[in-house]
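Take a look at the letters that make up each chain.
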Amino acid sequence: MRLNKFLSSCGLASRRKCEEYILAGRVSVNGKVADSLGMQVNEKKDVVCVDGTQMKLPSQFEYLKMHKPKGYACTAKDERGRKTIFDLVDSDVRLVHVGRLDYDTEGLIFLTNDGDFANLVTHPKFHFEKEYHVTVEGEMKESELAVLRKGVVENGVRMPAAKVKVLGVEEKFTKLSVIIDEGQNHQVRRMFEAIGKSIRLLKRVRIGAVVLGGLSRGKTKPMTEEEIAFFKGAK
Ligand code: URA
């Protein structure tokens, strides 16, 4: 396939515009700057980059959403030999997880081989909301909810404010919806620890416009075009 056709099929720009990229020396093939407009590339083997970013045909990207169960680590290889989320995926391509969930947390997580997409979803500047269902022991006082909503103070530093709503109270437990738009390490657990509440169950149910829905524990399914576009449209 001609190089400019390959580049436009990757969604870079029109074929004409792609030729301008080539003439400007911004395109490399297998590490060497492309110097001819008529150059042919093998889309299965050649590594084509524009300004250092690898170009791939859309069909080469995979975007999955997973319902991570509790008891699985978000890592390619766990140093303690525990099960990882990749034990649950059957894919021919090498995927990365987008952000992470703690070993004991369950819920929605994305997997992809599109590094730009992974960076986009986790980039702090976009403030994509993440919604968790949190089950805590006992009841929640209004004053405790107010602290979470304002941002708990941990070691003298205020953590980001959260949107918090009580979803229901059962005999010994309270179920809450907690929405944050940052992704600090163990953020939700730290928030509840700071007010002395013990979390029984932590489950992520939404990232941006994408909901966990009825996806069963341990299962993955491809993200829809609309779900992917929600994030890409924020750029
Ligand atoms: N906050 C946490 O504390 N743990 C998670 O897994 C996700 C968010």
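Since the model is a prediction, treat every value here as computed from it, not as a measurement.

Engineer: Give a description of the site of the ligand that names residues and reports values.
Structural biologist: Neighbouring the ligand are the residues Leu101, Asp102, Thr105, Tyr132, His186, Gln187, Val188, Arg189 and Leu202. Separating an oxygen atom of the ligand from a side-chain N or O atom of Thr105 is a distance of 2.9 Å. Protein chains shield 95% of the accessible area of the ligand, which is 240 Å² for the free molecule. Using a 2 Å cut-off from the grid points, one finds that the ligand occupies the largest pocket. Sorting elements by how many residues they give to the shell around the ligand places helix H5 (residues 187–194) first, with 3 residues. By residue class, the composition of the shell around the ligand is 4 nonpolar, 3 polar and 2 charged. Looking at which domains feed residues into the shell around the ligand, each of domain 2 (63–125 + 210–232) and domain 3 (129–207) supplies at least three.

Engineer: Go over the packing of aromatic side chains, please, and point to the residues and values.
Structural biologist: With the rule as written, the count across this model stands at 9 aromatic pairs. Considering the side-chain rings of Phe110 and Phe117, the 6.5 Å spacing of their centres and the 45° angle between planes classify their relative orientation as tilted. Overall, the relative accessible area of 0% leaves Phe110 in the buried class. By relative accessible area, which is 1% here, Phe117 ends up buried. The rings of Phe61, Tyr63, Phe110, Phe117, Phe126, Phe128, Phe230 and Phe231 are connected pair by pair, giving a single aromatic cluster. Seen from the ring of Tyr103, Arg82 lies directly overhead, with NZ or CZ sitting 4.1 Å from the centre.

Engineer: Just give me the short version of unusual backbone geometry, but keep the residues and values in it.
Structural biologist: Trans peptide bonds make up the majority, and among non-glycine residues the majority have a negative phi. The phi dihedral of Asp51 is positive, around 50°, even though this residue is not glycine. The exposure class of Asp51 is partly exposed, given its relative accessible area of 48%. Of note, the phi angle at Asn155 is positive, near 50°, even though the residue is not glycine. Residue Asn155 is classed as exposed on the basis of its relative accessible area, which comes to 77%.

Engineer: Now, about the layout of surface pockets: what can you tell me, with residues and values included?
Structural biologist: By volume, the largest pocket amounts to about 730 Å³. Taken together, 36 residues form the lining of the largest pocket, with Gly99, Arg100, Leu101, Gly183 and Asn185 sitting closest to its centre. Class assignment of the residues belonging to the lining of the largest pocket gives a composition of 14 nonpolar, 11 polar and 11 charged. Along the wall of the second largest pocket there are 25 residues; nearest its centre are Phe61, Tyr63, Asp114, Asp116 and Lys232.

Engineer: Explain the sheet that holds strand S3 (residues 48–50) to me, using residue names and the numbers behind them.
Structural biologist: Read from one edge of the open sheet, 4 strands run S2-S1-S3-S4, paired in antiparallel fashion. Edge positions in the sheet fall to strand S2 (32–33) and strand S4 (53–54), since each of these pairs with one other strand and no more. Note: S3 against S4, 2 bridges, orientation antiparallel. Residue pairing in the sheet places Val50 in a bridge with Thr53 of S4.

Reading guide: rules and limits
- Residues numbered from 1 in each chain as written.
- Predicted model: local features only at pLDDT ≥ 70, side-chain atom pairs only at ≥ 80, totals over all residues.
- Heavy atoms only, no water.
- Near = heavy atom within 4 Å.
- Polar contact = N/O pair within 3.5 Å; in protein donor to acceptor, adjacent residues only side chain to side chain.
- Areas by Shrake-Rupley, 256 points an atom, 1.4 Å probe, with all protein chains shown as cover.
- 1 Å grid on protein atoms, 1.4 Å probe; cavity = no way out; pocket = protein on both sides within 12 Å on 5 of 7 lines; lining within 4 Å.
- Sits in = over half its atoms within 2 Å of the grid points.
- Helix = DSSP H or I, 4+ residues; strand = E, 2+ residues; numbered from the N terminus.
- Nonpolar A, V, L, I, M, F, W, Y, C, P; charged D, E, K, R; others polar.
- Domains from an automatic or database assignment.
- Phe/Tyr/Trp six-rings, centres within 6.5 Å; stacked < 30°, edge-to-face > 60°.
- Buried < 20%, exposed > 50% of the residue type's maximum accessible area, 1.4 Å probe, protein only.
- Lys NZ or Arg CZ within 6 Å of the ring centre and 35° of its normal.
- Points joined across faces, edges and corners; volume = space filled by probe spheres on them.
- Pairing = 2+ DSSP bridges.

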